[in-house]
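# Report on the structure
Each chain, written out:
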Amino acid sequence: MTRQPRFSRRHLLGLAAAAGVAGGVAACTGLPRPGPAGPAAGAPFADPPERRARGGLLTGTLTAGTGVDLAGVAGAGLGYDGTSPGPTLRLRPGDEIALHLHNGLDTPTNLHTHGLRVPPDPGGDDPFRTVAPGETADYRIRVPRDHPAGTFWYHPHHHGTVADQVFAGLVGALVVEGGPDLGTAEDHVLVVTDTTLGDDGRVAAAGPMDRVAGREGELVLVNGLYRPVLAGIPQRSQRWRLVNATCSRVFDVSLDGQDLVHVATDGVFLPRPVARDRVRLAPGNRADVVVRPPDVPGDVDLLAADVDRGGMGGMGGTGMGGTTGTGPVVLATLRVTGAAAPTPPPPAVLSAPVVPPGPPDRTRVLTLTAPMGGGGMGFGIDGRGFDPARDDLVVAPGTVEEWVVENPGTMLHPLHLHTWPMTVLDAAGSDGAVRDVVTVPAGGRVVLRVAFTGATGRTVLHCHVLDHEDAGMMATVRVGGAGTP
Ligand code: C2O
Ligand code: CU
Ligand code: CU
């Protein structure tokens, strides 16, 4: 049932030896043990380190660097301040981020605060910026006082290097504190990434087919750990802030045999808690869930079942690109021990119901363009690849737009818009939530409303399958500023 990572036999033997598992294998092959650490399951769960705002300011240097441990393999990947994920940035509405981003990588990078409703100013949350290797760049991002309290994240956004950097672990969570008291005794960040390690113990490069389909890693990690074990006490509930920081995976999260109580999507509280047997997360999405460990001690697996994203039509179905919808994999294990220590359930009402903004001042049709079987099309939006110098969508500040997003292709695409949240009007599975990543099914469409209020500036919308974004499925959006309207 559980999908195993596909290692070469040689690598697997090395891992087994290193992890001290299957001792007989190590003994009979004469492999040295203990060798260098390999991706061993069962490490204790740990939240990422934290950086907190003080006196309204989150300041200091954040270094993007190499040689970071991933899945217990020393120096395998990339990270911020020496860890993957990097430190969780914690602040409150009204606080300001004043970080110096140091690029210790050998490729260009920059910093994006995914989901924050902040202006995309130069020097702020600017996806067009280049921070060259060796450079240190100052960022100032003010979080509005009326910003929702919830779970967000940060990652690089330098067009062309995003997928490689994220796949190697260059991501971190960002928590805007506040919101209703959920009655939980613990609050954990679970940043889900995936990656593939080569025989050299480093993150493997993606091949051309991976770049078309959107790469999926062999190892699915939680806070950089392979199947960590999270401690729980019977009936003592925990808030889990799940972040899908993978490059491409769309997955359904479930807790084996038990409901998850879903309380927030993409950093925004739902009107009321909803018990679900699974919660779907496309790349970039977050879900906050309340987990109440069972009455009886034992192990419960947190699972992720891959959703089939489709493949290139006319070339053997999903065979090409290989997004096969396999699963589930074990993300983590909740190990429940001790005597029951009940905590109260979350409140029955969490927030005001979502009212889609409207009526729209303008309606647009956007078409997601992807290579089709045999066709010569590249990735783009409305048939055009990404050009950072071109204004694609020009929006009048303060207006409401309705977007009909068409996906005539054979792969699904999770569409992400910076700064301004989207409300889905009609789509299969729509729950009326406000989102910053909306999945557009293959051969389907979604209808969205966006209120362009609160911030002005020039930024992007794009597919959050990061290989597709790097390949050009991204457009600019300019709200106010030079020229019309
Ligand atoms: Cu999560 Cu434009 O990014
Ligand atoms: Cu974003
Ligand atoms: Cu895509």
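Whatever comes next refers back to the structure up there.
Here is what the cut-offs are and how they apply
- Residues numbered from 1 in each chain as written.
- Chains lettered and ligands numbered in written order.
- Predicted model: local features only at pLDDT ≥ 70, side-chain atom pairs only at ≥ 80, totals over all residues.
- Heavy atoms only, no water.
- Donors = N, O, S within 2.8 Å, 3.2 Å for Na, K, Ca; no water.
- Helix = DSSP H or I, 4+ residues; strand = E, 2+ residues; numbered from the N terminus.
- Buried < 20%, exposed > 50% of the residue type's maximum accessible area, 1.4 Å probe, protein only.
- Phe/Tyr/Trp six-rings, centres within 6.5 Å; stacked < 30°, edge-to-face > 60°.
- Lys NZ or Arg CZ within 6 Å of the ring centre and 35° of its normal.

## Looking at the coordination of the copper ion (ligand 2)
Distances from the copper ion (ligand 2) to its protein donors, H112 (NE2) and H416 (NE2), fall within 1.9 Å. Of this pair, H112 sits in strand 6 (residues 112-114) while H416 sits in strand 26 (residues 413-417), placing them 304 residues apart in sequence. The exposure class of H416 is buried, given its relative accessible area of 0%.

## Comments concerning the coordination of the copper ion (ligand 3)
Within the protein, the copper ion (ligand 3) binds to H413 (ND1), C463 (SG) and H468 (ND1); these donor distances fall in the range 2.0 to 2.1 Å. Counting along the primary sequence, the residues that act as donors to the copper ion (ligand 3) give the motif H-x49-C-x4-H. Pair noted here: H413 is in strand 26 and C463 is in strand 31 (residues 457-463), with a separation of 50 residues, a long-range link. Summarising the burial analysis for this pair, H413 and C463 share the class buried.

## Let's talk about the packing of aromatic side chains
Think of a pair of aromatic rings as described by two things: how far the centres are apart, and how the planes are tilted against each other in angle. A complete count under the given rule lists three aromatic pairs for this structure. A centroid spacing of 5.0 Å and a plane angle of 50° characterise the contact between Y80 and Y154, whose relative ring orientation is tilted. Pair noted here: Y80 is in strand 3 (residues 73-80) and Y154 is in strand 8 (residues 150-155), with a separation of 74 residues, a long-range link. The class of Y80 is buried, set by a relative accessible area of 1%. Residue classification places Y154 among the buried positions, given a relative accessible area of 0%. On the basis of an interplanar angle of 55° and a centroid distance of 5.1 Å, the ring pair of W420 and F452 is categorised as tilted. Of this pair, W420 sits in the loop between strand 26 and strand 27 (422-426) while F452 is found in the loop between strand 30 (444-451) and strand 31, placing the two residues 32 residues apart along the sequence. Classification of W420 by relative accessible area gives buried; the value is 1%. By way of ring pairs, the aromatic residues W403, W420 and F452 are connected into one cluster. Positioned above the aromatic ring of Y139 is the side chain of R129, whose terminal nitrogen or guanidinium carbon lies 4.5 Å from the ring centre. The side chain of R458 reaches across the aromatic face of F128, ending 4.9 Å from its centre.

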